[in-house]
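Listed below are the residues making up each chain.
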2 protein chains.
Amino acid sequence: MRAEILAIGTELTTGQTVDTNSPWLSQRLAEVGIPTGYHTIVPDELTDIVEALHIAAGRASLILISGGLGPTQDDLTREALAQAAQVSLVEDPAALEHIRTFFSSRGRPMPERNRQQALRPENAELLPNPIGTAPGLFLHLSQALVFALPGVPRELQLMFQEQVRPRLLKHVGSAGVILYRKINTFGLGESAVEEKIADLTARGRNPEVGITVSDAVVSLRIIARYPTLAEAQAQVSATESLIRQRLGEIVFGVEDEELEDIVVRLAQERKATLAAAESITGGLVAHRICRVPGASQYFRGGIVAYTEEIKHQELGIPWEMLRELGAVSAPVAQAMAEAVRRRFAADLAVATTGFAGPTGGTPQEPIGTAYVALASQQGTEVVRHVWSGERTEIMSRTAKLALNLLRLHLLRRPTS
Amino acid sequence: MRAEILAIGTELTTGQTVDTNSPWLSQRLAEVGIPTGYHTIVPDELTDIVEALHIAAGRASLILISGGLGPTQDDLTREALAQAAQVSLVEDPAALEHIRTFFSSRGRPMPERNRQQALRPENAELLPNPIGTAPGLFLHLSQALVFALPGVPRELQLMFQEQVRPRLLKHVGSAGVILYRKINTFGLGESAVEEKIADLTARGRNPEVGITVSDAVVSLRIIARYPTLAEAQAQVSATESLIRQRLGEIVFGVEDEELEDIVVRLAQERKATLAAAESITGGLVAHRICRVPGASQYFRGGIVAYTEEIKHQELGIPWEMLRELGAVSAPVAQAMAEAVRRRFAADLAVATTGFAGPTGGTPQEPIGTAYVALASQQGTEVVRHVWSGERTEIMSRTAKLALNLLRLHLLRRPTS
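Keep in mind that this is a model prediction, so the values were computed, not measured.

## Examining the UniProt feature "domain: MoaB/Mog" (unreviewed entry) in chain A
Okay, step 1: In the UniProt entry, the feature "domain: MoaB/Mog" (unreviewed entry) is given for residues 4–171 of chain A.
Okay, step 2: From the first C-alpha to the last, residues 4–171 of chain A spans 16 Å; its make-up is 41% helix and 23% strand.

Here it is as structure tokens:
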């Protein structure tokens, strides 16, 4: 069984609103073992909606529709479904009653335009909507099961959980399970990662492994399709183990975990305090750490030293060093990290300096060059990287580089 | 002419990633007078992509495709286009050269798998990609013009503006104009804003005005549909004037402008230097300022003082004040701002302190409470706000509150 999702609305096709209902529905379908193929976004035009329904019914066994169930002239889903199914629209007394009550309980009469929301295709079952006026619809179209849901995300989500999901489980039986696992890595580019797991990303493998990149984080997405949850879990585990074996320490977390979540957790486990001296990243390293609940126990604080003067004044970097080597250099990064570590009496401190662009840079240190230093009791390591991209990307990725240095150092440190 | 948009990617059909490229493209097409009908999201499966291409070519005269141009086994757009157009794939020497240079300029050899990005359908023209490896494609498919663009938003957007738009204007001529204008405000909630411009947001008005909210920024979107560019521009201007008259100083910028862009611009105009002492925001105020090119000339630096100890050590906040009033209080915010202002010899300084949650807070100062202080030569003002929402939302909105205080102070200050 493969599902298809239609989202109806001209505000979507003009691009003024981003469709979040379709991705949400896809994820919920996967949780009951139903994969999704096409998503189609359709304008508020009767002929367009009918055509989309015909195409979908010809190739999918389950169709979920959002939108077009409102009370305005632009709301055409009911009519389009009736036309596609070649049935009449009938007024449903129970639906009419619900809509009347929805308004009267708020001290208002029902506007006449809302009456059309009580219409349904002859062969459709109504799905109640306790938090809105538009009932949903459930019907057959050719060989496909069709659910039409309101476009308001909150109403759609409640109706899916209360009305659609139970019916799917009944109709579909146990159609197997689709399980996802997302594994996040930092430190290698997309091509280099794929080279190490090329057999796992080969087409036709179950579990399937896909690769995506976002802001220097390369993520592996495991998709496992099996008859039972237990099998799917076992297979996902096995594939995850292979990935971790092949990729080693560039793997930092799973699902929505960010580098800073791991850093704070490791700092808590190892009771290590942290500080940051930032130039190029302008406070982003400190901010990312502080976003993690509980960071305050281990993050001592930070300095944003964006100019040479403040690097000298606040971190004691000697003028001669700044003049001769430049603020963007390994010795300056090292000096910054060591200074802020001492100053804040932290176990570990990171420092960042670099050229974010669009101006600046030298032939040896072009725009995109960043130095990140990590100072600890054992000494200071400095890493250099040259990023491509825009100013904000360079800043963001350098901050991640700093967090990653912290992560790796804490990982290699024995637990207290 | 009606356009259709295809977005290729299993991460989209599984719902793990939300498609933002398609809405963006729809808006850009409208600006050159081309309406968009269907958007279709397609899995990384060759047969699915080919089918979607056939359907689109049968009903649209312009097709924009995003995604599937990467270097992995899942990147099938080139092959699908060749199959749909019934032509061969050929390797393009110029493309291969570009890709080789892209890697060698970063000191690395080209991974062999990136070689496939130099392939193109025989009948396709390459669209250069100066900021990535994947060239775009331009070809005919039946009666339709087809543009295939990389899925990475930054690359797609640049390629659209530089390569697609000029070709469209040439092919399409002038079909009437749709013009957008976005006006950003901070300081009032959505309902309060709408009350002031209710007549402008009425349905059927041309230009139309829509309201959206995102992270405490209420934006007005003007949409004007007129036969000529000159008319549309005049109408947009007139509506914008009305909006600015009604909303006054809560209007801070237009289009993609952020509060920090305005702050840095005003600081440059008034030659005012800035500093920040941050607790709750953890470095975000400093980081946002530093993201703006040219900030280094006016941003002296900042302190992230996340603990009471560091507030005392770095900013000289007396222990008695912290004990008696608490770190989250107006006097502490004031003392932080004044201390960092003196310390960094800045004209203006902001300080932030508050409870971001999920733990913390008191009955008088619940989670979401933030104090923001702005210290200047004239004295210090302190503002208190209680936000609802998650930890990261509270941090982000408090940072905006600080930036807005800076903006308003600089606005009211005479230009040097």
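Next comes the rest of the account.
## Re the pairing of strand E9 (residues 177–186) of chain A
All names here are of chain A.
Okay, step 1: For E9 and strand E11 (residues 217–226), the ladder comprises 10 bridges, and the chain directions are antiparallel. Across the sheet, the residue bridging to Asn184 is Ser219, located in E11.
Okay, step 2: Across 3 bridges, E9 lies against strand E12 (residues 251–254) in antiparallel orientation. Within E12, the position partnered with Ile183 by the bridge is Val254.

## Topic: the interface of chain B and chain A
Okay, step 1: Every contact between the two is made by 74 residues of chain B and, on the other side, 76 residues of chain A.
Okay, step 2: The contact between chain B and chain A buries some 6,100 Å² in all, and 51% of this surface belongs to carbon and sulfur atoms.
Okay, step 3: Scanning the region where chain B abuts chain A turns up 14 salt bridges.
Okay, step 4: Here chain B and chain A share 46 residue pairs in polar contact (both at pLDDT 80 or more) between them.

## With respect to the pairing of E11(A)
Residues and elements named next belong to chain A.
Okay, step 1: Within E11, 9 of the 10 residues are buried, leaving the element largely enclosed by the surrounding structure.
Okay, step 2: Bridge count between strand E10 (residues 208–214) and E11: 7 bridges; the pairing is antiparallel. Bridging across to E11, Thr212 finds its partner in Ser219.
Okay, step 3: Here E10 folds back onto E11 in antiparallel fashion, the turn holding 2 residues, of which Asp215 has a positive phi close to 50°.

## Side note on the sheet that holds E12(A)
Residues and elements named next belong to chain A.
Okay, step 1: Ordered in space as E10-E11-E9-E12, the 4 strands form an open sheet in which the pairing is antiparallel. Both edges of this open sheet fall to E10 and E12, since each of them pairs with a single strand only. Across the sheet, the axes of successive neighbouring strands diverge by a mean angle of 25°, strand direction being ignored.
Okay, step 2: Sheet strands in contact with helix H14 (residues 391–412) are E9, E10, E11 and E12, and its direction is about 90° off that of E9.

## Concerning unusual backbone geometry
Residues and elements named next belong to chain A.
Okay, step 1: In this chain, Asn206 is followed by Pro207 through a cis amide linkage whose omega measures -5°.
Okay, step 2: Among the secondary structure elements, Pro207 is positioned in the loop between helix H7 (190–196) and E10.
Okay, step 3: Along the chain, Gly357 connects to Pro358 via a cis peptide bond; the corresponding omega equals 0°.
Okay, step 4: By secondary structure assignment, the location of Pro358 is in the loop between strand E15 (348–354) and strand E16 (369–376).
Okay, step 5: Unusually for a residue other than glycine, Ala216 sits at a positive phi of about 70°.

## Quick notes on the packing of helix H9 (residues 259–270) of chain B against helix H14 (residues 391–412) of chain B
Residues and elements named next belong to chain B.
Okay, step 1: Axis separation between H9 and H14 bottoms out at 9 Å; the angle between their running directions is 30°. Overall, the two elements H9 and H14 adopt an arrangement that is roughly parallel. In terms of crossing hand, the pair formed by H9 and H14 is left-handed. Where H9 abuts H14, its residues Leu259, Glu260, Ile262, Val263, Leu266, Ala267 and Arg270 lie against Lys400, Leu403, Asn404, Leu406, Arg407, Leu410 and Leu411.
Okay, step 2: Classifying every residue of the contact of H9 with H14 gives 9 nonpolar, 1 polar and 4 charged.

## Remarks on the sheet that holds strand E10 (residues 208–214) of chain B
All names here are of chain B.
Okay, step 1: On the basis of which strands lie adjacent, the open sheet formed by 4 strands has the order E10-E11-E9-E12 and antiparallel pairing. The open sheet is flanked by E10 and strand E12 (251–254), the only strands paired with a single partner. The sheet shows a mean angle of 25° between the axes of neighbouring strands, taken without regard to direction.

## Considering the packing of aromatic side chains
All names here are of chain B.
Okay, step 1: Applying the stated criterion across every chain yields a total of 6 aromatic pairs over all chains.
Okay, step 2: Geometrically, the ring pair formed by Phe138 and Phe147 is stacked, given 4.4 Å between the ring centres and 5° between the ring planes. Comparing Phe138 with Phe147 shows no difference in burial state: the two are buried.
Okay, step 3: Taking NZ or CZ as reference, Arg28 lies 5.0 Å from the ring centre of Trp24, over its face.

## Some thoughts on the domain arrangement of chain A
Okay, step 1: Here the domain parsing of chain A yields domain 1 (3–172), domain 2 (177–254) and domain 3 (259–412).
Okay, step 2: Each of domain 1 of chain A and domain 3 of chain A has a C-alpha centre, and these two points are 51 Å apart.

## Focus: the environment of A:Pro23
Okay, step 1: Tracing the backbone shows A:Pro23 in helix H2 (residues 21–31).
Okay, step 2: A:Pro23 gets classed as buried once you look at its relative accessible area, which sits at 7%.
Okay, step 3: Spatially, the C-alpha atom of A:Pro23 lies 26 Å from that of A:Ser396, the residues being 373 residues apart in sequence.
Okay, step 4: In this structure, A:Pro23 is in contact with A:His39, B:Thr14, B:Gly15 and B:Val18, ignoring residues within four places of it in sequence.

## Points about the environment of A:Ala80
All names here are of chain A.
Okay, step 1: Relative to the helices and strands, Ala80 resides in helix H4 (residues 77–85).
Okay, step 2: Assessed through its relative accessible area of 0%, Ala80 is described here as buried.
Okay, step 3: Placed 123 residues apart in sequence, Ala80 and Arg203 show a C-alpha to C-alpha distance of 38 Å.
Okay, step 4: Sequence-distant contacts of Ala80, that is, excluding residues within four places in its chain, are made with Leu46, Ile49, Val50 and Leu53.

## Points about helix H4 (residues 77–85) of chain B
Residues and elements named next belong to chain B.
Okay, step 1: In terms of residue burial, H4 counts as a mostly covered element, since 7 of its 9 residues are buried.
Okay, step 2: When we look at burial in H4, the residues that qualify are Thr77, Arg78, Ala80, Leu81, Ala82, Ala84 and Ala85.
Okay, step 3: Following H4 by one or two positions, Gln86 has its phi on the positive side, about 55°.

## A few points about the pattern of salt bridges
Okay, step 1: Across all of its chains, the model carries 54 salt bridges over all chains by this definition.
Okay, step 2: The salt bridge partner of B:Arg120 is B:Asp92, with a shortest N-O separation of 3.0 Å. Here B:Arg120 is found in strand E5 (residues 119–121), whereas its partner B:Asp92 is found in the loop between strand E4 (89–91) and helix H5 (93–104), with 28 residues between them in sequence. In this structure, B:Arg120 and B:Asp92 share a single accessibility class: buried.
Okay, step 3: Residues participating in the shared-partner salt-bridge network are A:Asp215, A:Glu390, A:Glu393, A:Arg397, A:Lys400 and B:Arg154.

## Notes on the environment of B:Leu266
All names here are of chain B.
Okay, step 1: Position of Leu266 among the secondary structure elements: in helix H9.
Okay, step 2: Since its relative accessible area comes to 7%, Leu266 is described here as buried.
Okay, step 3: On a C-alpha basis, the gap between Leu266 and Ala118 in space is 46 Å, while along the polypeptide they are 148 residues apart.
Okay, step 4: Residue contacts for Leu266: discarding those within four places in its chain leaves Arg407, Leu410 and Leu411.

Thresholds, definitions, all that
Residues numbered from 1 in each chain as written. Chains lettered and ligands numbered in written order. Predicted model: local features only at pLDDT ≥ 70, side-chain atom pairs only at ≥ 80, totals over all residues. Heavy atoms only, no water. UniProt positions renumbered as here; feature names shortened; annotations may be inferred. Helix = DSSP H or I, 4+ residues; strand = E, 2+ residues; numbered from the N terminus. Pairing = 2+ DSSP bridges. Contact = heavy atoms within 4.5 Å. Buried area = accessible area lost by both parts, 1.4 Å probe. Salt bridge = Lys/Arg side-chain N within 4 Å of Asp/Glu carboxyl O. Polar contact = N/O pair within 3.5 Å; in protein donor to acceptor, adjacent residues only side chain to side chain. Buried < 20%, exposed > 50% of the residue type's maximum accessible area, 1.4 Å probe, protein only. Axes fitted to C-alpha atoms, helices over the stretch in contact; angles between N-to-C directions. Parallel < 35°, antiparallel > 145°, perpendicular 65-115°, else oblique. Left-handed = near helix turned anticlockwise from the far one by under 90°. Nonpolar A, V, L, I, M, F, W, Y, C, P; charged D, E, K, R; others polar. Phe/Tyr/Trp six-rings, centres within 6.5 Å; stacked < 30°, edge-to-face > 60°. Lys NZ or Arg CZ within 6 Å of the ring centre and 35° of its normal. Domains from an automatic or database assignment.

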